[in-house]
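For reference, the chains in residue letters:
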Amino acid sequence: MATLFLAGGSGFIGSEFVRHAVAAGHSVQALCRTQRSAAAVRALGAQPVMGDLLEAGAWQAQAAQAEIVLHFAQPQTFGGRVGKARALRYETDRQKMDRNLLSPLRGSAVRRIVYVSGTSYYGQQDLPPKDETAKPNPRGWGPYIVKAMQQLETFCAEGLPILTVFPSSVYGAGSWYGDILASLKAGKTQLTLARRDPTLATVHVEDCARAILHLMEHGAIGERYIICDDRPPKYSEILAESAKALDVPLKTRAVPLWLGRIIAGPVVTDAYDAHLSNARLRSTGFRLQFPTIEQGIPNVVQRWLAAQATRKE
Ligand SMILES: NC(=O)c1ccc[n+]([C@@H]2O[C@H](COP(=O)([O-])OP(=O)(O)OC[C@H]3O[C@@H](n4cnc5c(N)ncnc54)[C@H](OP(=O)(O)O)[C@@H]3O)[C@@H](O)[C@H]2O)c1
């Protein structure tokens, strides 16, 4: 069992990862910038380490003492309108956060570093499904992580033992998908884009966390791994499956792209088809518990409803 240092352990994917890593017997330290996050990771069985990735601090020496470092942290992406200024701030902050975490690991005894990126970096990919060797065609948030990926390449070239994982659209009882469930449950009309029904590569948050834990141990250093379901659904299928699982009627309104850009901003409305393959992940021996949204969405909806009921008590 290893000593793990996590950045982003209080986040949507990170907290699910902490749960699985602690259950597997690892000793987990999680960087936290607020007491609220510290309480959350402590409740999951991790030890909080106070610090902010945007600032140098004593936490950096602590990260360098771990056996394995995992980087889940990012400036917030969901909620509210995402305009160009917010996306550009994300771009520069993400690079600074990466530098503050990775630079002190040079020459340390850390034997593995798992860097969490995202499939928006691969962006638009047509059929047949593409793997990690595909030429990136960044879309959505993708263009704003390109510079971080270039910077990461320089850390890899310096010999840091990095492997990079690319989760697809991760659905669970929080983050962007939690917002969709709350909106559907409240009976709100779902906005879609006229004449565009993008294919999203998806993955259940539990499968995503389990895959990252598996790759942390069985992935190859220097390699990239896409984490996605066996079959990527259309956005309309996600809405329909979610409404069915919630047992609510689905009301949609298709808006033209120009109007979508005004309402949600250009980053979120940059709809693209992500036909991606999980063949490399499967070749490492990993098996998904929820290989399609038909299996995963009813499970997430049950979890989300249970969490809502607990909140009301
Ligand atoms: N969610 C998805 O669908 C999805 C899909 C593909 C890829 N990804 C990638 O997966 C990774 C994790 O995503 P997520 O959705 O789990 O993110 P998230 O829920 O937004 O969590 C972000 C985490 O980063 C931490 N953080 C942010 N700024 C920080 C700072 N300055 N110092 C220290 N910690 C800071 C947050 O801490 P606080 O608790 O203090 O806020 C939180 O723990 C990201 O790299 C993301 O790009 C996500």
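Draft legend 1. A look at the packing of aromatic side chains. Scanning the model with the defined rule gives eight aromatic pairs in all. Ring geometry for tyrosine 90 against tryptophan 141: centres 4.7 Å apart, planes inclined by 50°, an arrangement best described as tilted. Of this pair, tyrosine 90 sits in helix α4 (residues 84-102) while tryptophan 141 sits in the loop between β6 (125-130) and α5 (146-157); the two residues are 51 residues apart in sequence, bridging distant segments of the chain. Accessibility assignment for this pair places tyrosine 90 and tryptophan 141 in one class, buried. On the numbers, 6.0 Å between centres and 25° between planes, the contact of tyrosine 121 with phenylalanine 166 is stacked. Here the residue tyrosine 121 occupies a position in the loop between β5 (112-116) and β6, and phenylalanine 166 occupies one in strand β7 (residues 162-167), the gap between them amounting to 45 residues. Each member of the pair, tyrosine 121 as well as phenylalanine 166, carries the same accessibility label: buried.

Draft legend 2. How the structure looks around the sheet that holds strand β1 (residues 3-7). Overall, parallel pairing links the seven strands, which are arranged β3-β2-β1-β4-β5-β7-β11 in an open sheet. Each edge of the open sheet is held by one strand with a lone partner, namely β3 (47-50) and β11 (224-227). Taken over all neighbouring pairs, the strand axes of this sheet differ in orientation by 20° on average, direction set aside. Across five bridges, the pairing between β1 and strand β2 (residues 27-32) is parallel.

Draft legend 3. Region of the structure containing the environment of glutamine 76. Residue position: glutamine 76 is located in the loop between β4 (68-71) and α4. Residues glutamine 76 and alanine 61, spaced 15 residues apart in sequence, show a C-alpha to C-alpha distance of 25 Å.

Draft legend 4. View of the site of the ligand. Taken together, 25 residues form the shell around the ligand, and within it Ser10, Ile13, Arg33, Ser37 and Asp52 come nearest. One nitrogen or oxygen atom from the main chain of glycine 8 is found 3.5 Å from an oxygen atom belonging to the ligand. Taking tryptophan 176, its side chain carries an N or O atom lying 3.1 Å from an oxygen atom of the ligand. When the free accessible area of the ligand is taken as 900 Å², the share hidden by the protein chains comes to 86%. Looking at the shell around the ligand, the elements with two or more residues in it are α1 (12-23), α4, β8 (169-171) and α6 (175-185). Counted by class, the shell around the ligand contains 12 nonpolar, 10 polar and three charged residues.

Draft legend 5. Local environment of the pattern of salt bridges. Evaluated as defined, the whole model comprises 14 salt bridges. Note that arginine 19 and glutamate 16 form a salt bridge whose closest N and O atoms lie 3.7 Å from each other. Taken as a pair, arginine 19 and glutamate 16 lie in helix α1 at a separation of three residues, close to a single helical turn. Residue classification places glutamate 16 among the buried residues on the basis of a relative accessible area of 5%. Put simply, glutamate 294 and arginine 231 hold a salt bridge, and the shortest N to O gap is 3.0 Å.

Reading guide: rules and limits
- Residues numbered from 1 in each chain as written.
- Predicted model: local features only at pLDDT ≥ 70, side-chain atom pairs only at ≥ 80, totals over all residues.
- Heavy atoms only, no water.
- Phe/Tyr/Trp six-rings, centres within 6.5 Å; stacked < 30°, edge-to-face > 60°.
- Helix = DSSP H or I, 4+ residues; strand = E, 2+ residues; numbered from the N terminus.
- Buried < 20%, exposed > 50% of the residue type's maximum accessible area, 1.4 Å probe, protein only.
- Pairing = 2+ DSSP bridges.
- Axes fitted to C-alpha atoms, helices over the stretch in contact; angles between N-to-C directions.
- Near = heavy atom within 4 Å.
- Polar contact = N/O pair within 3.5 Å; in protein donor to acceptor, adjacent residues only side chain to side chain.
- Areas by Shrake-Rupley, 256 points an atom, 1.4 Å probe, with all protein chains shown as cover.
- Nonpolar A, V, L, I, M, F, W, Y, C, P; charged D, E, K, R; others polar.
- Salt bridge = Lys/Arg side-chain N within 4 Å of Asp/Glu carboxyl O.

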